[in-house]
Amino acid sequence: MEINMQKKKLVLIQSSPYDHEKKPIKKSKLYFVGLAMPLLAAMTPDEFEVKIILETIEDIDFDMDVDIVGIGSMGHAVIRSIDIAKEFKKRGKTVFMGGYMVSLMPEEAKKYCDSVIVGDGEEAYPAMLKDYLRGELKSFYNMPVKLIHTPLPRFDLILDKKIGDMLPVQAGRGCPKSCSFCSIYCLYKNHYIRRPIEDVVRDIRQIKDLGFNKFMLLDDNIMSNRKYMMELLDHIIPMKMTWISQCSIDIGDDRELLEKLAKSGCMTLSFGLESIVQESLNSMNKSWAKVSDYKRLIKNIQSVGIDISTEMVVGADADTKESIRNTADFIKECKIVVPRFYILTPIPGTIYHKEMLEAKRIYIEDMYSYDGSQAVHIPKNMSPEELTKEYWALYEKVFEIGNIMRRTVLRKEFFKAPGRYLFYMAINLYYRYQIKNRLTPNIIWIMRTVKFIDFGRA
């Protein structure tokens, strides 16, 4: 009997969000690439021939020769992901989806595909593909992991694409915090998983061997285990590389760790500050963060040569028009090099969504319209329309040309690292372009969005 040894063709697609005309957002270059697709490709069984498509910088051929299609669901790009799934299903292809958005709403996602991977992918993804080969594909695969052991990511599948000079490596997954609006808490319930240090070091060395001198350390909070981080830095320092990551703002009180981070080449840290109103933080289950400490902690971090990127939300219960406008002054005073803002959105599956639903404060029920650019809940101190207006006014103010210049190139630190601050300026100018077109700036500092092995990245 002749045995067919031909490999099945698999394509992994990182979708791009839609613009307001429902066209996928495109870029000439993707400066910050995701880890999910190269890592999933590395975990693909030998029976498959795998290909990666990054839709932000390349087009999708829906008539391509492919047997099975995997699609990501990062943020509001999930709307595009669903449309991609529909197109391939029309052509009779097997389609599976994964990522945090479909993990929060697996039953909804299943309407558009054959199978859904919920949460962690290390065990679920290979198991799903093995079932596919046997003709026994299940609707859902939910296989949480306690330890993270992964092969080297298949960066070789994306090196010929138009990407930047930095590659990602993951250190940990999950978060010990319990913020009500956060999808990660809903998925991990304060559970945090650290990768073995030797595996993280192995992955960083691979990046360096590929000719890259910069990397992104993907971790929701590199301060989750101080001893672990200090040991990891001992390995990073001799590599003489530059890197970025994210953590909680209280790292600003740990001078020893800050100095070691700077010595290791840490260039920028991203912080989810959320609000300059303490009552708003309290309402989001983030009372552990103290607004009164923000400026001092930021100054401490900057004093060792580490720059700061921030993410903040508007529309919490204690937010007012005045507090939103004052946020622009806070950014200016603290010289935050890359600030980002979002309208607080009740994402289905989160605690915040449940709270708003029970309080009958959901203003727009169509979850597929939740793109972060408009208020979809009813704030306490203004109307939804007023919140949306204040949100865009805040962005316009923060990204005025003068303000961009002051926090990037018109500062004393510029002369120590002009290339770095010109890079920040370029990011700000691109954000300004997006804001003018009423597009919420893409999360190109993607640390905060990669909370586990998901199938998508901005």
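Before going into details, it helps to say that this report is about the structure given with it. These numbers were taken from a predicted model, which means no experiment stands behind them.

1. Here's the deal with empty space enclosed by the protein
The gaps left among the atoms become clear once a water-sized probe is rolled over them. Scanning all chains against the criterion turns up 7 cavities of 30 Å³ or more. When its volume is computed, the second largest cavity comes out at roughly 70 Å³. If you go around the second largest cavity, the residues you meet are E274, S275, I276, V277, M312, V313, V314, D319, S323, I324, T327 and F341. Elements with a contribution of two residues or more to the lining of the second largest cavity: β13 (307-314) and α12 (321-334). In terms of residue class, the lining of the second largest cavity is made up of 7 nonpolar, 3 polar and 2 charged.

2. Examining the packing of helix α8 (residues 226-236) against helix α9 (residues 255-263)
A pair of packed helices is characterised by two quantities: the angle between their axes and the separation of those axes. It is at 10 Å that the axes of α8 and α9 come closest, and there the two elements cross at 30 degrees. Put simply, α8 runs roughly parallel to α9. For the pair α8 and α9, the sense of crossing is left-handed. Contacts between α8 and α9 pair R226, M229, M230, L233 and D234 from the former with E256, L257, K260 and L261 from the latter. Partitioning the contact of α8 with α9 into residue classes produces 5 nonpolar, no polar and 4 charged.

3. Quick notes on the pairing of β13
Most of β13 is tucked away: 8 of the 8 residues are buried. Here β13 shows no split at all, with D307, S309, E311 and V313 on one side and I308, T310, M312 and V314 on the other all buried. Pairing of strand β12 (residues 266-274) with β13 involves 6 bridges; the strand directions are parallel. The residue bridging G272 from the neighbouring strand is E311, located in β13.

4. Things to note about the packing of aromatic side chains
Taken as a whole and assessed by the stated rule, the structure comprises 16 aromatic pairs. Relative to F423, the ring of F32 lies with its centre 6.2 Å away and its plane at 45 degrees, an arrangement referred to as tilted. Residue F32 is found in the loop between β1 (8-14) and α1 (36-42), and its partner F423 is found in helix α16 (residues 418-436); the two are separated by 391 residues along the sequence. What makes F32 buried here is its relative accessible area of 4%. According to the relative accessible area criterion, F423 is partly exposed, its value standing at 28%. Consider the rings of Y421 and Y424, whose centres lie 5.3 Å apart with planes at 75 degrees: the pair is edge-to-face. Placement of the pair is Y421 and Y424 together in helix α16, with a separation of 3 residues, close to one helical turn. Given a relative accessible area of 0%, Y424 falls into the buried group. Note that K214 overlies the ring of F423, its terminal NZ or CZ placed 6.0 Å from the centroid.

5. Focus: the nonpolar core
Formed by 116 residues in total, the largest nonpolar core has its most connected members in Y125, L217 and L261. Apart from the residues lying within four places of it in its own chain, the contact partners of L261 are I222, M229, L233, W243, I251, C266, L269 and I306. Formed by 30 residues, the second largest nonpolar core is a distinct cluster that contains I13, I60, I79 and L104.

6. Description of helix α7 (residues 197-209)
Taking 1.5 Å per residue, 13 residues should reach 18 Å; α7 reaches 18 Å between its end C-alpha atoms and fits that length. Looking at the buried positions of α7, the neighbouring elements they touch are β7 (167-170), β10 (214-218) and α8. Just downstream of α7, G211 is the residue with a positive phi angle, here 100 degrees.

7. Topic: the environment of A426
With respect to the element layout, A426 can be found in helix α16. Overall, A426 belongs to the partly exposed group, its relative accessible area being 43%. It is 35 Å that separates the C-alpha atoms of A426 and N282, two residues lying 144 residues apart in sequence.

8. Some remarks on the sheet that holds strand β3 (residues 68-71)
Judged by pairing direction, the sheet is parallel, and its 6 strands sit side by side in the order β2-β1-β3-β4-β5-β6 without closing on themselves. For this open sheet the edge positions go to β2 (48-54) and β6 (140-142), each flanked by a neighbour on one side alone. Going from strand to strand, the sheet's axes swing by 20 degrees on average, the running direction of each strand aside. Taken together, the 4 bridges between β1 and β3 define a ladder with parallel strand orientation. In the sheet register, V11 faces β3, and the bridge partner there is V69. Packed on one face of the sheet, helix α2 (residues 78-90) meets β1, β3 and β4 (94-97) and runs near 165 degrees to β4.

9. Remarks on the sheet that holds β10
As summarised here, the arrangement of the 6 strands in space is β7-β10-β11-β12-β13-β14, forming an open sheet in which the pairing is parallel. The sheet is open, and its two edges are formed by β7 and β14 (338-343), each paired on a single side. On average, adjacent strands in this sheet sit at an angle of 20 degrees to one another, irrespective of strand direction.

Thresholds applied
Within each chain, residues carry numbers counting from 1 in the order of the written sequence. Given that the model is predicted, a residue must reach a pLDDT of at least 70 before its local features are reported, and side-chain atom pairs must reach 80 or more before they are shown or counted; all residues, however, enter totals for whole chains, interfaces and linings. Calculation of side-chain values draws on the structure's entire complement of heavy atoms; hydrogens and water are dropped beforehand. Every definition here rests on a 1 Å grid over the protein atoms only: cavities are sets of points where a 1.4 Å probe fits but cannot get out, pockets are open sets enclosed by protein on both sides within 12 Å along at least five of seven lines, and lining residues have some atom within 4 Å of a point. Grid points are joined across faces, edges and corners, and a volume is the space filled by probe spheres set on the points. What counts as a helix is a DSSP run of H or I of at least four residues, what counts as a strand is a run of E of at least two, and both are numbered from the N terminus. Under the scheme applied here, ten amino acids are nonpolar (Ala, Val, Leu, Ile, Met, Phe, Trp, Tyr, Cys and Pro), four are charged (Asp, Glu, Lys and Arg), and all others, including Gly, are polar. In this description, a line fitted to the C-alpha atoms serves as the axis of each element, helices being fitted only across the stretch in contact, and the angle between N-to-C directions of two axes falls anywhere from 0 to 180 degrees. Angles below 35 degrees are treated as roughly parallel, those above 145 as roughly antiparallel, those between 65 and 115 as roughly perpendicular, and all remaining angles as oblique. Helix crossings get a hand from a simple test, with the near helix turned counterclockwise from the far one by less than a right angle marking a left-handed crossing and a clockwise turn marking a right-handed one. Note on contacts: a residue pair is in contact if any heavy atoms of the two residues lie within 4.5 Å. Whether a residue is buried, partly exposed or exposed follows from its accessible area with a 1.4 Å probe, protein chains only, as a fraction of its type maximum: under 20%, in between, or over 50%, in that order. Paired strands, as defined in this entry, are two strands with at least two bridges between them according to DSSP. Two rings from Phe, Tyr or Trp (for Trp, the six-membered ring) form a pair when their centres sit within 6.5 Å of each other. Planes less than 30 degrees apart are called stacked, planes more than 60 degrees apart edge-to-face, and all others tilted. Charge-over-ring placement is defined geometrically: NZ (Lys) or CZ (Arg) within 6 Å of the ring centre, and within 35 degrees of the ring normal. Among the buried residues, those of types Ala, Val, Leu, Ile, Met, Phe, Trp, Tyr and Cys that are joined through side-chain atoms within 4.5 Å form a nonpolar core. The span one expects for a helix is its residue count, reduced by one, times 1.5 Å.

These results come straight from atomic positions and should not be treated as a statement about function.
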